Amino acid sequence: LVASPPIATNGSSTIAGSIIWNDKRNGMFQQILVMPFARMEYIASTIITIMLMGLASAGLILVAGSPTLVGSAQPTLVGSLYVLYALITGAIFFGSIAIIISTRLKSSEGFNVIVNSVFLFFSFVSTAFYPAQGVPGALSAAFYINPLTYIVDITRAGIFNNIDLFTNIEVGIIAAATAAVFFLATLSMMKMKI
């Protein structure tokens, strides 16, 4: 259950790429830019949409699964802020990846195949379903290359109030990774031909 909210933000982020791909295909992107809107405003609105959808789906999963957390979860205000941070950062990270992919591809089939493959890799090569302790060394290393691992770990730490120095290091790592991918997504949007 704890891994479900981060995976929900991962899944809802594909919508960002779909929005941009469909807007580009149907001429909406060109129409939006003819109005008094800048590309950055379009990017910001897409990212805000991703964050809201990711938070809504994660919230629904947490509410539906809350009976399984009774007795083991130790929610605190600080822990809740860590969970919120992880979910928002995850939505921005995965939304940015979907944006990058959508600006590069010309067919919806190609977009869907690549996005689903990339997100399946992120989901299954992370600590979302099983911990990094006890797995073979190469798989454990792959876990910590995967940003979803940090998002899931921060979410777990927030829900169970296990915040420590390593959690704060993970916060910094995912912040840097998200900033880099968001920057690349912004560049992709700025260079996208109408």
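Attention in this report is confined to the structure presented alongside it. Chains are numbered independently. Their residues run from 1 in the order of the written sequence. A pLDDT threshold of at least 70 governs which residues receive local features in this predicted model, and a stricter bar of 80 or more applies before side-chain atom pairs are shown or counted, although totals over entire chains, interfaces and linings include all residues. To get the side-chain values, all heavy atoms of the structure are used, and hydrogens and water are removed first.

This next bit is on the pattern of salt bridges. The working definition used for a salt bridge is a side-chain nitrogen of Lys or Arg within 4 Å of a carboxyl oxygen of Asp or Glu. Applying the stated rule across the entire model yields 1 salt bridge. Of the charged contacts in the structure, one is a salt bridge between Arg156 and Asp153, with a shortest N-O distance of 3.7 Å. Residue Arg156 and its partner Asp153 are located together in helix H8 (residues 147-160), separated by 3 residues, close to a single helical turn. Only protein chains enter the area calculation, which uses a 1.4 Å probe; residues under 20% of their type maximum are buried, those over 50% are exposed, and those in between are partly exposed. With relative accessibility at 26%, the residue Arg156 sits in the partly exposed group. A run of H or I in DSSP becomes a helix once it reaches four residues, and a run of E becomes a strand once it reaches two; helices and strands are each numbered from the N terminus.

Another aspect to go through is the layout of surface pockets. The method is simple in principle: a probe with the dimensions of a water molecule rolls over the atoms, and the space it marks as empty is what remains. Looking at the largest pocket, its volume works out to about 230 Å³. Cavity: a set of points on a 1 Å grid over the protein atoms alone where a 1.4 Å probe fits but cannot get out. Pocket: an open set with protein on both sides within 12 Å along at least five of seven lines, its lining residues, like those of a cavity, having an atom within 4 Å of a point. Along the wall of the largest pocket there are 13 residues; nearest its centre are Gln133, Asp153, Arg156, Phe166 and Glu170. Every element with two or more residues in the lining of the largest pocket is listed here: H8 and helix H9 (165-191). Any residue that is not Ala, Val, Leu, Ile, Met, Phe, Trp, Tyr, Cys, Pro, Asp, Glu, Lys or Arg is counted as polar, Gly included; the first ten are nonpolar and the last four charged. Tallied by class, the residues present in the lining of the largest pocket amount to 5 nonpolar, 4 polar and 4 charged. Of the volumes computed, that of the second largest pocket is approximately 170 Å³. Looking at the second largest pocket, the residues that line it are Lys24, Thr103, Arg104, Leu105, Lys106, Ser188, Lys191, Met192 and Lys193. Secondary structure elements with two or more residues in the lining of the second largest pocket: helix H5 (77-104) and H9. Split by residue class, the lining of the second largest pocket holds 2 nonpolar, 2 polar and 5 charged. Grid points are joined across faces, edges and corners, and a volume is the space filled by probe spheres set on the points.

Right, let's get into unusual backbone geometry. Phi is positive for Asn161, close to 55°, though the residue is something other than glycine. Tracing the sequence through the fold places Asn161 in the loop between H8 and H9.

To continue, consider the packing of helix H4 (residues 39-69) against H9. A fitted line through C-alpha atoms represents every axis, and for helices the fit uses only the stretch in contact; the resulting angles, taken between N-to-C directions, go from 0 to 180 degrees. Where H4 contacts H9, the two axes come as close as 10 Å, and the packing angle between them is 130°. The orientation of H4 relative to H9 falls into the category oblique. The two elements H4 and H9 cross, and the hand of that crossing is right-handed. Taking contact as the criterion, the partners of Arg39, Met40, Tyr42, Ile43 and Ile47 in H4 are, on H9, Phe182, Thr186, Met189, Met190 and Lys191. Oblique is the label for any angle not under 35 degrees, not over 145, and not in the 65 to 115 range, which are roughly parallel, roughly antiparallel and roughly perpendicular in turn. We call a crossing left-handed when the near helix sits turned anticlockwise from the far one by less than a right angle, and right-handed when that turn is clockwise. In what follows, a contact means two residues having at least one pair of non-hydrogen atoms within 4.5 Å.

Surface patches are drawn from residues lacking salt bridges whose relative accessible area is over 30%; two like charges belong together within 9 Å, two nonpolar side chains (Val, Leu, Ile, Met, Phe, Trp, Tyr) within 5 Å. All accessible-area figures derive from a Shrake-Rupley calculation using a 1.4 Å probe, and residue coverage is judged against the displayed protein chains alone. Judged by side-chain polarity, Leu120, Phe124, Phe129 and Tyr130 come together as a nonpolar surface patch covering roughly 410 Å² of accessible area. Within the fold, Phe129 resides in the loop between helix H6 (108-124) and helix H7 (137-143).

Here we take up the nonpolar core. Side-chain atoms within 4.5 Å link the members of a nonpolar core, which is a set of buried Ala, Val, Leu, Ile, Met, Phe, Trp, Tyr and Cys residues. Counting 19 residues, the largest nonpolar core has Phe93, Phe94, Ile97, Phe119, Phe122, Ile151 and Ile154 as its most contacted members. Of all elements in the fold, only H5, H6, H8 and H9 reach the threshold of two or more residues within this core. With 6 residues, H5 is the single largest residue contributor to this core. Listed in part, the 15 residues of the second largest apolar core include Ile32, Ile50, Ile99 and Met189.

Locating Met35 in the fold gives a position in the loop between helix H3 (28-34) and H4. A sequence separation of 137 residues divides Met35 from Gly172, and the C-alpha atoms of the two residues are 38 Å apart.

What follows covers the packing of H5 against H9. Across the interface, H5 lies against H9 with an axial gap of 8 Å and an inter-helix angle of 30°. The orientation of H5 relative to H9 falls into the category roughly parallel. Note that H5 runs across H9; the crossing there is left-handed. Here the contact of H5 with H9 is composed, by residue class, of 16 nonpolar, 7 polar and 1 charged.

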